[in-house]
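# Structural features, examined
The lines below spell out each chain.
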Amino acid sequence: MNNSRWRKSSLSSDETACVEVLNTLDAVRDSKNPGPELPAPGLLALVRSLKSGKR
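Residues numbered from 1 in each chain as written. Predicted model: local features only at pLDDT ≥ 70, side-chain atom pairs only at ≥ 80, totals over all residues. Heavy atoms only, no water.

All right, on to the side chain of Glu20 then. Residue placement: Glu20 occurs in strand E2 (residues 19-22). The buried category is assigned to Glu20, whose relative accessible area is 13%. At 2.7 Å, the side chain of Glu20 and the side chain of Arg29 are in polar contact. Excluding its chain neighbours within four sequence positions, the residues that come into contact with Glu20 are Trp6, Arg7, Lys8, Ala27, Val28, Arg29 and Ser31. (Helix = DSSP H or I, 4+ residues; strand = E, 2+ residues; numbered from the N terminus. Buried < 20%, exposed > 50% of the residue type's maximum accessible area, 1.4 Å probe, protein only. Polar contact = N/O pair within 3.5 Å; in protein donor to acceptor, adjacent residues only side chain to side chain. Contact = heavy atoms within 4.5 Å.)

A few words on the sheet that holds strand E4 (residues 33-39). Strand order in the open sheet formed by four strands is E1-E2-E3-E4, and the pairing between neighbours is antiparallel. Each edge of the open sheet carries a strand with a single partner, namely strand E1 (6-7) and E4. Two strands pair when backbone bridges link them, and E2 and strand E3 (residues 27-30) are joined in this way by three bridges, in the antiparallel orientation. By the bridge assignment, Glu20 is partnered in E3 with Arg29. (Pairing = 2+ DSSP bridges.)

Worth remembering: the numbers are spatial, not functional.
Structure (structure tokens):
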């Protein structure tokens, strides 16, 4: 079973186009054109770094 889901910022309204992130943090896409997904291999490391306060 595939548990992959797309998320967008809770600050975005339903009408607002924004970037969506795969819950595995492996890819991003444009919410108004969800077809092409862009691999984001460093996104997980970036999020972990930001959460830890490291630069």
